[in-house]
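Structure at a glance
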Amino acid sequence: MDQPRKRFDQLTWPEASCAASQPGATVIWPFGACEQHGPQLPLSTDAVFAEGILDSVLRGLEPALPIWRLPCQAIGFSPEHQNFPGTLSLSAPLLLDLVDQVGTQLAEMGVQRLVLFNAHGGQIGLLQVAARQLRARCPSLAVLPCFLWSGVEGLADLLPEQELAHGLHAGQAETSLMLQMAPELVGSARPVDGRPAPGSAQEPPAGWSLEGAAPCAWLTDDLSATGVIGDARQASADLGRCLQDRLINHWQERFQALLASDWPPTQSLLSQPSNITPKS
């Protein structure tokens, strides 16, 4: 028996209507970017990761589950990289409006959940804003903004502490994952860049960092001549295979749990009559 199609855009309109009306209908929208990733990785790095990991996750889920994906949004919000040739960036208002318009139409079809499955760290906050704005506009639609690398268990077992904390862009993790997923797209350079020397003027003061609890709005060329923020020297396909497995397992577990639940609550769920009989 053929596997059911999980690309929402490859359904016919009657199939799409049926899919959107299923209880718990969930649509995943992968987000990447078109931005520099050092001299060794393609501009499409984040889109490759978002699509590739998501497709593997969907193949591992029970085929009958009411979950589909949209085409990848392959150009995102990347102003931090715009001084490097090749980077294309949408404005923040445009990306907010894009999520709002597409999400509103999905809600009108009857879709109950929209997951923004994002692989570009520079638009995490913006997609959280977009999700909240869409949620306010469409009370029946649950909106879940997710970041590919957030909450994935076991990364500390695979990556050095320095890379976990400071390998923000095109370092060991991303270069290794691309060596596993699309080695033909990886160049020979293995830069180490963007990490200030201890005691230098570029080193953050105590308690401050590029990202984290007390971050700054950095631009890549403030930090790096190559576009890399991290250390790609120890990247390998073997490490990439381990990272890929961790990412796929993590998101399969998350989506299985989500689809087995009625979470998160929406006004459409809250308005349903309760089976609880109040005490007299």
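Just above, that's the structure.
Okay, so let's go over this structure. In this text, all values refer to a predicted model and were calculated from it rather than measured experimentally.

Within strand β4 (residues 142-147), five of the six residues are buried, which leaves it mostly tucked inside the rest of the structure. Assessed by its sense of winding, the connection that carries the chain from strand β3 (residues 113-118) through helix α4 (residues 124-137) to β4 is right-handed.

Here we take up the pairing of strand β1 (residues 26-31). With six of six residues buried, β1 is to be regarded as a mostly interior element. Residues of β1 alternate between two faces, with T26, I28 and P30 on one and V27, W29 and F31 on the opposite face, all of them buried. As paired strands, β1 and strand β2 (residues 67-69) are joined by three bridges and run parallel to one another. The partner of V27 across the bridge, within β2, is W68. Running through helix α2 (residues 45-60), the crossover from β1 to the neighbouring parallel element β2 is right-handed. Where β1 and β3 come together, six bridges link them in parallel fashion. Bridging from a neighbouring strand, T26 pairs with R113 of β3.

The next subject is the side chain of T104. Mapped onto the secondary structure, T104 falls in helix α3 (residues 92-109). The residues touching T104, leaving out its near neighbours within four places in the chain, are L134, R137 and C138.

Time to look at the sheet that holds β1. Paired through backbone hydrogen bonds, the strands of a sheet run either parallel or antiparallel to each other. Overall, parallel pairing links the four strands, which are arranged β2-β1-β3-β4 in an open sheet. The open sheet is flanked by β2 and β4, the only strands paired with a single partner. In this sheet, adjacent strand axes meet at a mean angle of 20° when their direction is disregarded. In this structure, β3 lies alongside β4, joined through six bridges in parallel fashion. Residue pairing in the sheet places L116 in a bridge with P145 of β4. Each of β1, β3 and β4 is contacted by α4, which is oriented at about 175° to β4, the strand it contacts most. Its contacts with the sheet put helix α8 (residues 237-259) on β1, β2, β3 and β4, and the angle it makes with β3 is roughly 170°.

On to unusual backbone geometry. Note the cis peptide between W263 and P264, where omega equals -5°. Its identity is not glycine, yet A170 carries a phi of approximately 60°, on the positive side. One can find A170 in the loop between α5 (161-166) and α6 (172-181).

This part covers the environment of Q101. Topologically, Q101 is positioned in helix α3. Taking C-alpha positions, Q101 is 8.5 Å from L134, a pair spaced 33 residues apart along the chain.

Let us look at the packing of α3 against α4. Direction vectors running N to C along α3 and α4 enclose 40°, while the axes themselves pass 9 Å from each other. Classified by the angle their axes make, α3 and α4 are oblique. Crossing handedness for the pair α3 and α4: right-handed. For the pair α3 and α4, the contacting residues are A92, L95, L96, V99, D100, G103 and T104 in the first and L126, L127, V129, A130, Q133, L134 and R137 in the second. The residue makeup of the contact of α3 with α4, split by class, is nine nonpolar, three polar and two charged.

Parameters and conventions
- Residues numbered from 1 in each chain as written.
- Predicted model: local features only at pLDDT ≥ 70, side-chain atom pairs only at ≥ 80, totals over all residues.
- Heavy atoms only, no water.
- Buried < 20%, exposed > 50% of the residue type's maximum accessible area, 1.4 Å probe, protein only.
- Helix = DSSP H or I, 4+ residues; strand = E, 2+ residues; numbered from the N terminus.
- Right-handed = clockwise from strand over helix to strand, strands pointing away.
- Pairing = 2+ DSSP bridges.
- Contact = heavy atoms within 4.5 Å.
- Axes fitted to C-alpha atoms, helices over the stretch in contact; angles between N-to-C directions.
- Parallel < 35°, antiparallel > 145°, perpendicular 65-115°, else oblique.
- Left-handed = near helix turned anticlockwise from the far one by under 90°.
- Nonpolar A, V, L, I, M, F, W, Y, C, P; charged D, E, K, R; others polar.

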